[in-house]
Amino acid sequence: MWLRATLLLGIANGYFVEFPISIPRVEDMLMLQWNTDKHSAETVTETVRRSARAIYDANGLDFSECFGVVLRMSQEGWADYSIVGDGHLKATPFLDGDGVRVDWEFLPGRLHSVIAMLRPDWALDIEEAPYRTERIADVDVGMFLLQSPGRPFWHMLSWSIRVAALKSALVPMRLHVLVHELQDWAPEGWVEALGEAAPVLRGLHWCKGHNRFPDYNRKAFETKPADNYYNKVFLMLGLSERHGYKYLVSVDDDMLLPPATLAHLLNGGPEADEKGCGVLAPLLQNGVPSVEIWAETWLTPGETTRLYECFAGSSTRFCDMFLSNYCGLEYENDVVKEVYRKVENLSIPEPWDGGAWYSQVSGLVGTDNKGLHPVRGNETCMKLALDMALERVVEAWNKGIPQPILVDEKRGFPYLCNNVFLIRTDLYSEVIRDPLLYLGGADEVSLNRVLKKRQLPICLLGNSFAIHPAYGVHQDKATMEGYAIDVIEAVTQQMLPWTGEKLPWRIREK
């Protein structure tokens, strides 16, 4: 018989939590105790691992067979618990069944996930505790990465942040990483990738399970109580209000941003306010509504003509108003036929005229989903735009030309596909509190609804450059993303670390 044990990791003034676990081939249950103010989840994991090794060694067992621990409660933290003191939580173990296997590499993230499920009101304090010693004064901008499982784009984002910081181009800002799978809980990877810019990291945050901020929008919460994307956009607002960020920058996990564009976007809030902007976004090679300005900024006249000819040869038979894609005959059903009815009056301008197209969409499409464009629906055009963009990566990643804010003063743009954008926190609060948010389209449709209601223009960063390899409907999306990452990774690695004495471009002195 093995002695019952407690893995005690120190008690101080922070939260104190106890989770029931067992170690493979060890009969007795252990209570893992964690003082969250004194130790990180990574430290806890290493301590448990050392304790498990000592037990194995003492009993002549091969520690290579010890994969991790078994959590004696449900996988996502649904369990009874008791509060046995001020800030002291003790989870109630379940004794039936085999428990939930948690490998060593996933234990830090699992500890945070359990806390987020049991005590969401504690979770932010605990998630941010390891980063509290790093102070940046007068922070007005919070940047949020909405990370999906296994997406590798975050490496390039962290490198762009690092290069911008080394060139003294970043305004004071903080970075929050929003994840919903254990494989993406990688704080040490972020710190390493950010390098000299690591102090901007304010925390990784768990977004799987119940929404932490139901009072922002009760209807949306009741309709989508555990939707990870809604959890993330609610958390963006919650963190921005918690830290007093005047502006928030939202970045999808498939965006590739050069250092200069990233720095100008983060710096753009005050000027955007002066110009009355509702939202500020960079130019994307497949962005709606930025693709035409991007093409006329970065392409040769001949290349622009080729791209526009592709648009002009496209169809208007979009089969999904939100995804803006085309469907084959095999997908036609009553829902698709209803979409066809909604877009039947649209016609493709020939020659292509972006202004005329946006005017049509604005006037003839009677729904809130107005992100329709051939660069999204026509896979050939989408691939062509990406190929042209990748030929300019070296120039765009190294260039620091001015990026003035362009204002759609006549409100000719009917819709913004919000892959990456800056917005005032108080305005984003209206987006999350939109009574129709529950209808879907994540925050994108509600964002455009609020802009229309408030008569606020979409603003774009002139001369900027950003790559969104492909929309989710493209059948070769994975290949296109992989190729884009390979190209940009090679360019970015040549820029790090920055050791030059002369700085090619500078936006704001620290």
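Keep in mind that this is a model prediction, so the values were computed, not measured.

*Asks:* Any details on the overall build of the protein? Residues and values, ideally.
*Replies:* In terms of regular secondary structure, the protein is built from 19 helices and 15 strands. Scaling as 2.2 N^0.38, a compact globule of 510 residues should have a C-alpha radius of gyration of about 24 Å, and the protein matches this with 25 Å. Along the three orthogonal principal directions, the C-alpha set of the protein runs to about 80 × 65 × 40 Å. Every one of the 510 residues in the protein was classed for burial, and the buried ones make up 58%. Considering only residue pairs separated by 6 or more positions, the protein has 77% of its internal contacts joining residues 24 or more positions apart. Averaging the locations of the 50 positively and 68 negatively charged side chains of the protein gives two centres separated by 4 Å.

*Asks:* Which residues make up unusual backbone geometry, and what values do they have?
*Replies:* Of note, the amide linkage connecting Val-288 to Pro-289 takes the cis form, showing an omega dihedral of 20°. Checked against the element boundaries, Pro-289 lands in the loop between β12 (279-281) and α10 (291-298). The omega torsion across Glu-350 and Pro-351 is 5°, close enough to zero to call that bond cis. Within the secondary structure, Pro-351 sits in the loop between α12 (334-343) and α13 (354-364). Notably, Arg-411 is not glycine yet its phi reads approximately 55°, a positive angle. Its location among the elements puts Arg-411 in the loop between β13 (405-407) and β14 (420-424).

*Asks:* Requested: an account of the environment of Tyr-308, with residues and values cited.
*Replies:* Within the secondary structure, Tyr-308 sits in helix α11 (residues 301-312). Classification of Tyr-308 as buried rests on a relative accessible area of 13%. Residues Tyr-308 and Pro-349 lie 41 residues apart in sequence; the distance between their C-alpha atoms is 9.9 Å. Filtering out sequence-adjacent residues up to four positions away, Tyr-308 remains in contact with Glu-292, Ala-295, Glu-296 and Trp-352. Within the structure, Tyr-308 has its side chain in polar contact with the backbone oxygen of Glu-292 (distance 3.4 Å).

*Asks:* Which residues make up the packing of α11 against helix α15 (residues 379-390), and what values do they have?
*Replies:* Closest axis-to-axis distance for the α11/α15 pair is 9 Å, and the angle between their directions is 165°. On the basis of the axis angle, α11 is roughly antiparallel to α15. In this structure, α11 meets α15 at a crossing whose hand is left-handed. Where α11 approaches α15, its residues Glu-303, Arg-306, Leu-307, Cys-310 and Phe-311 are matched on the opposing element by Thr-380, Cys-381, Leu-384, Ala-385 and Met-388.

*Asks:* Pulling in residues and values, what's your account of the pairing of strand β3 (residues 30-35)?
*Replies:* Counted residue by residue, β3 has 6 buried out of 6 residues, so it is predominantly covered. Burial of the side chains of β3 extends over both faces: Leu-30, Leu-32 and Trp-34 are buried on one face and Met-31, Gln-33 and Asn-35 on the other. Two elements, strand β2 (residues 16-22) and β3, share 6 bridges in a ladder whose sense is antiparallel. Bridge pairing in β3 links Phe-16 to Asn-35.

*Asks:* Outline the pattern of salt bridges, listing residues and values.
*Replies:* Here the idea is simple: oppositely charged side chains can pair when their charged atoms come close. With the rule as written, the count across this model stands at 26 salt bridges. For the salt bridge of Asp-125 with Arg-242, the shortest nitrogen-to-oxygen distance reads 2.8 Å. Placement of Asp-125 in helix α3 (residues 120-128) and of Arg-242 in helix α7 (residues 228-243) is noted, with a sequence separation of 117 residues between them. For Arg-242, a relative accessible area of 38% corresponds to the partly exposed category. Residues Lys-383 and Asp-387 are paired through a salt bridge, measuring 2.8 Å at the closest nitrogen-oxygen approach.

*Asks:* Give a detailed account of α13, specifying residues and quantitative values.
*Replies:* Within α13 the residues assigned to the buried category are Gly-354, Trp-357, Tyr-358, Gln-360 and Val-361. Buried positions in α13, seen along its axis, are confined to an arc of 155° and lie on one side of it. Turning to α13, the residues buried within the fold contact α10 and α14 (374-377). In this structure Asp-353 caps α13, since a side-chain oxygen of it lies 3.0 Å from the backbone nitrogen of Gly-355.

*Asks:* I'd like a rundown of the side chain of Asp-434, residues and numbers included.
*Replies:* If you trace the backbone, Asp-434 turns up in the loop between α17 (425-432) and α18 (444-454). Residue classification places Asp-434 among the buried residues on the basis of a relative accessible area of 9%. Residues in contact with Asp-434, not counting those within four places in the same chain, are Asn-217, Ser-446 and Arg-449.

*Asks:* Which residues make up the packing of aromatic side chains, and what values go with them?
*Replies:* One pass over the structure, following the stated rule, counts 17 aromatic pairs. Ring centres of Phe-318 and Tyr-326 lie 5.1 Å apart, and the angle between their planes is 40°; this geometry places the pair in the tilted category. Taking the centre distance of 6.3 Å and the plane angle of 50° together, the rings of Phe-318 and Trp-357 count as tilted. You can see Phe-318 sitting in the loop between α11 and α12 and its partner Trp-357 sitting in helix α13, a full 39 residues away along the chain.

What counts and what doesn't
- Residues numbered from 1 in each chain as written.
- Predicted model: local features only at pLDDT ≥ 70, side-chain atom pairs only at ≥ 80, totals over all residues.
- Heavy atoms only, no water.
- Helix = DSSP H or I, 4+ residues; strand = E, 2+ residues; numbered from the N terminus.
- Rg over C-alpha atoms; globule rule 2.2 N^0.38 Å.
- Buried < 20%, exposed > 50% of the residue type's maximum accessible area, 1.4 Å probe, protein only.
- Contact = heavy atoms within 4.5 Å.
- Lys, Arg positive; Asp, Glu negative; His and termini not counted.
- Charge placed at Lys NZ, Arg CZ, Asp CG, Glu CD.
- Polar contact = N/O pair within 3.5 Å; in protein donor to acceptor, adjacent residues only side chain to side chain.
- Axes fitted to C-alpha atoms, helices over the stretch in contact; angles between N-to-C directions.
- Parallel < 35°, antiparallel > 145°, perpendicular 65-115°, else oblique.
- Left-handed = near helix turned anticlockwise from the far one by under 90°.
- Pairing = 2+ DSSP bridges.
- Salt bridge = Lys/Arg side-chain N within 4 Å of Asp/Glu carboxyl O.
- Arc of directions from axis to C-beta.
- Phe/Tyr/Trp six-rings, centres within 6.5 Å; stacked < 30°, edge-to-face > 60°.

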